[in-house]
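Descriptive structure summary
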Amino acid sequence: MSVMPHPRADAALACLAGRGGDRHQGRGFSSDLSVDEAVLLKEIGYEPRGLVVGSAVYHIGIQYANWNTNQEMSDLTHAMYQARQEALTSMERHAEQVGGQGVVGLKLEVQVHSGGHPLAEFVAMGTAVANPQQKARGIWVSDLSGQDLYLLIRAGYQPIGLAFGACVYHVAHQGLGQWVGQQNQNVELGNFTSALYEARELAMTRMQDEARRARAQGIVAMRIEQKSHMWGSHVIEFLAIGTSVRLVADQHQRISPELTVTLDDEVAPVTDAPAAPAAGAEG
Amino acid sequence: MSDQVEAEQRQQASIEALERGGLPLAAQERIEELRKGTTAWTSDLTVSEMAAIQHAGFEPVGMVMGSSVCRIAAQWGYTTVYGVGGSAGGGRVRSYPCPHGFYGYGVGSEHRPGYNWEHSYYEAGITETRNLALRRILEEARGLNAHGVVGVRIIRRHLEGVGNSLEFTCIGTAVRRRGGPQLRAPFMSHLDGVSFSKLLHGGYVPVALVMGIGAMEIDPGCGTEWQLRSWSNSRIQQISDGIEEARMLGINHLESEVAAVDADGAVGVETDLATYELGGESMLVELFLLGTAVRRYAKEPLDEPPMPIMRLR
């Protein structure tokens, strides 16, 4: 059987056999980028510099709220925001140490430890990247995937950083009389609706303020997470989070995608990145 | 009866082969059969992976595996070696003195310093188990004159009923390029066949499977315990440090393995953080990372830039 000529395969094997190859400069990196992400980032000039993490473990105490009022739990809001900020700061420090200019694919998670104490670990983790052709001006952080960043940068934008806002809110319990009176009616629970509105607005406003302070023009891939963590159903944290961006080209660069129609019954996944959450799942 | 004797003899021979650093008889025979080419090649590749590998200039030669079961010995706790600089395995230690001023030991049970220390002996045990399994899968791949192994799946589990045991098994498909140069060690990658092909097109070639493990025990001191019992929201410095240290250790160990195989970096690193309660307030935080070390062989971009598409379904 004759062998098909394949310059790339031969070059790759020659490099493994210790003959040549256009090797990377600088330190060996680790990255949680998928192959697609690594290849696409290389296309726009970014090289991975290393996996970076930051973590803050907080003891989340208790704040008392009136049983029957809607109100923000400002101490808890402050703690939840502060803890994330510390985890991010420590991750950014790590990114600086490995010579990164930005962090892609950030995962900002809260893990509640269910031991005897209300402990929450805030973890920030992502891959630091750098473009040797560019001068660093601080570290930008983004929770976008490599594919998204490729598109964003090709379209003429630059990620500025993460923008997020938190709000921990106590939703009032209904009085007993009210509860009994409504048992056989379809009725809007006004206090719930307005509480959710209020809390969501607060979180989003704080996120927008952050983006404005960073002189961003907009926020992409924003989402709102709504969780009760360890507090039971009437205390809810709203977290609004997204990547703030600025247009650096003169104008938006058109990408003009080809239109395709797949003939498969099912759309085959193009990448091995996790599927995006269904549109309209939130908000 | 003679069948049983024969089976026992085979088993004995397999154990002896393993002790000599070789493969058990069943594996030797399987490889021999595949090498002779008298049997069909085996692979766990999907059809698209298979097509992608051929597109990248390689062909599958057979499924290969390596496995090892070890006992991971218990490590002497730092709690038993107070005052000794460095833990039993020579790992990292950080101490948190009693903030209330009772520095001596035995002043009262509620006053004691806290320690974060690395279970380096435990880390070494897991690394050694992994090394044995990897050596065996590479041995099989070499036996097939393969250039590499793709789509390696890792099974890492504790055997039930066997205390402190760890099974480490890796299974993948060996691939070869006809007429390619002989490699001293076949490459290994946990990426599937399609990703392997994309990686190659992107200018990177896989080198080896790399792992990083960071295990830190956190023994809270009285300062930390008092903080845990309080009503306020506050950062717990000792536990934050311990978890961050475990993560850093894992990443550092991974990156030093990358350097050891003369690779440029690692992609597709998967992380797994586990926390174990050790009784009292102590806990063990373990970060496990696994990735494929890659070398860049070409700097130039893809032959054709990726084409943006919009799917109309």
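First, a word on scope: everything that follows refers to the structure included in this document. Just so it is clear, the structure is predicted and the values come from calculations on it, not from any experiment.

1. Side note on the overall build of chain B
Looking only at helices and strands, chain B has seven helices and 11 strands in total. Relative to its 313 residues, chain B shows a buried fraction of 50%. Within chain B, contacts between residues at least 6 apart in sequence are counted, and of these 73% link residues at least 24 apart. Surface summary for chain B: the accessible area is close to 14,800 Å², and the carbon and sulfur share equals 52%.

2. Some points on the overall build of chain A
Each helix and strand counted, chain A has six helices and 10 strands in total. Counting all 283 residues of chain A, 44% fall into the buried class. Within chain A, residue pairs in contact and separated by at least 24 positions form 76% of the contacts whose partners lie at least 6 positions apart. On chain A, roughly 14,400 Å² of surface is accessible, and the fraction owed to carbon and sulfur atoms is 51%. Looking at chain A, you have 21 positive and 30 negative side-chain charges, and the mean spots of the two groups are 9 Å apart.

3. Quick notes on the sheet that holds strand 5 (residues 165-176) of chain B
All names here are of chain B. Here four strands make up an open sheet; going across it, the order is 1-5-4-6 and the pairing mixed. Single-partner strands in this sheet number two, and they are strand 1 (59-71) and strand 6 (187-188). The pairing of strand 4 (residues 148-157) with strand 6 spans two bridges and is classified as parallel. Its bridge partner lying in strand 6, V149 is registered against M188.

4. A closer look at the interface of chain A and chain B
If you look at the interface, chain A gives 76 residues, while chain B gives 76 residues. Of the roughly 6,600 Å² buried between chain A and chain B, counting both surfaces, carbon and sulfur atoms make up 58%. In this assembly, chain A and chain B are joined by seven salt bridges. Put simply, R235(B) and E86(A) hold a salt bridge, and the shortest N to O gap is 2.6 Å.

5. Here's the deal with the packing of helix 2 (residues 35-43) of chain A against helix 5 (residues 193-201) of chain B
Taken N-terminus to C-terminus, the directions of helix 2 of chain A and helix 5 of chain B make an angle of 15°; their axes are 9 Å apart at the nearest point. Of the possible angle classes, the one that applies to helix 2 of chain A and helix 5 of chain B is roughly parallel. For the element pair helix 2 of chain A and helix 5 of chain B, the recorded crossing hand is left-handed. Two secondary-structure elements touch here, helix 2 of chain A through V35(A), D36(A) and V39(A) and helix 5 of chain B through S195(B), K198(B) and L199(B). When its residues are assigned to classes, the contact of helix 2 of chain A with helix 5 of chain B shows three nonpolar, one polar and two charged.

6. A short note on the nonpolar core
Side chains that are nonpolar tend, in soluble globular proteins, to be buried together. Grouped together as the largest cluster of nonpolar side chains are 34 residues, with contacts concentrated most on F58(B), F187(B) and L200(B). Those elements giving two or more residues to this core turn out to be helix 1 (7-16) and strand 2 (47-59) of chain A together with helix 5, strand 7 (204-219), helix 7 (237-260), strand 9 (265-277) and strand 10 (283-296) of chain B. Looking at which element gives the most residues to this core, the answer is helix 1 of chain A, with five residues. Sequence-distant contacts of L200(B), defined by excluding residues within four places in its chain, comprise R8(A), A9(A), A12(A), A56(B), F58(B), V205(B) and Y297(B).

7. Considering the pairing of strand 2 of chain A
A large share of strand 2 of chain A lies buried, amounting to 12 of its 13 residues. Bridging between strand 2 of chain A and strand 5 (residues 119-130) of chain A involves 12 bridges; their strand directions are antiparallel. Looking at the pairing, Y58(A) lines up with A120(A) of strand 5 of chain A. Pairing analysis gives two bridges linking strand 2 of chain A to strand 8 (residues 234-235) of chain B, with the strands arranged antiparallel. Paired with Y58(A) across the strands is R235(B), a residue of strand 8 of chain B.

8. Digging into the sheet that holds strand 4 (residues 102-113) of chain A
Spatially, 6(A)-4(A)-5(A)-2(A)-8(B) is the arrangement adopted by the five strands of the open sheet, whose pairing is mixed. Taken across any chain shown, the strands that pair with only one partner, and hence form the sheet edges, are strand 6 (140-141) of chain A together with strand 8 of chain B. One ladder, built from two bridges, connects strand 4 of chain A with strand 6 of chain A; its direction is parallel. Considered in strand 6 of chain A, the bridge of V103(A) is made with V141(A).

Definitions and limits used
As a convention, each chain's residues are numbered from 1 in the sequence order in which they are written. Going through the entries in the order they are written, you letter the chains from A and number the ligands from 1. Since the coordinates come from a predicted model, pLDDT governs what is reported: local features require at least 70, and pairs of side-chain atoms require 80 or more to be given and counted, while whole-chain, interface and lining totals use all residues. Water and hydrogen atoms play no part in the side-chain values, which are based on all heavy atoms of the structure. Runs of E in the DSSP output that reach at least two residues are strands. Runs of H or I that reach at least four are helices, and both are numbered from the N terminus. Here's how the labels work: a residue is buried when its accessible area is under 20% of the maximum for its type, exposed when over 50%, partly exposed in between, all with a 1.4 Å probe on protein chains only. In this description, contact between two residues means that some pair of their heavy atoms is separated by no more than 4.5 Å. Method for areas: the Shrake-Rupley scheme with a 1.4 Å probe, in which residue coverage is limited to the protein chains shown. For the purpose of counting charges, residues Lys and Arg are taken to be positive, whereas Asp and Glu are taken to be negative. His and the chain ends are not included. Charged side chains are reduced to one point each, which is NZ for Lys, CZ for Arg, CG for Asp and CD for Glu. For two strands to be treated as a pair, DSSP must find at least two bridges joining them. When two parts are put together, the accessible area they lose, computed with a 1.4 Å probe and summed over both, is reported as buried area. Any Lys or Arg side-chain nitrogen located within 4 Å of an Asp or Glu carboxyl oxygen qualifies as a salt bridge. Between N-to-C directions, angles span 0 to 180 degrees; the directions come from axes that are lines fitted to C-alpha atoms, helices contributing only their stretch in contact. Here is the rule for angles: anything less than 35 degrees is roughly parallel, anything more than 145 is roughly antiparallel, 65 through 115 is roughly perpendicular, and the remaining ranges are oblique. Rotating anticlockwise by less than a right angle from the far helix to the near helix defines a left-handed crossing, while the corresponding clockwise rotation defines a right-handed one. Amino acid classes used here: Ala, Val, Leu, Ile, Met, Phe, Trp, Tyr, Cys and Pro are nonpolar; Asp, Glu, Lys and Arg are charged; the rest, including Gly, are polar. The set of buried Ala, Val, Leu, Ile, Met, Phe, Trp, Tyr and Cys residues whose side-chain atoms join them within 4.5 Å is what this entry labels a nonpolar core.

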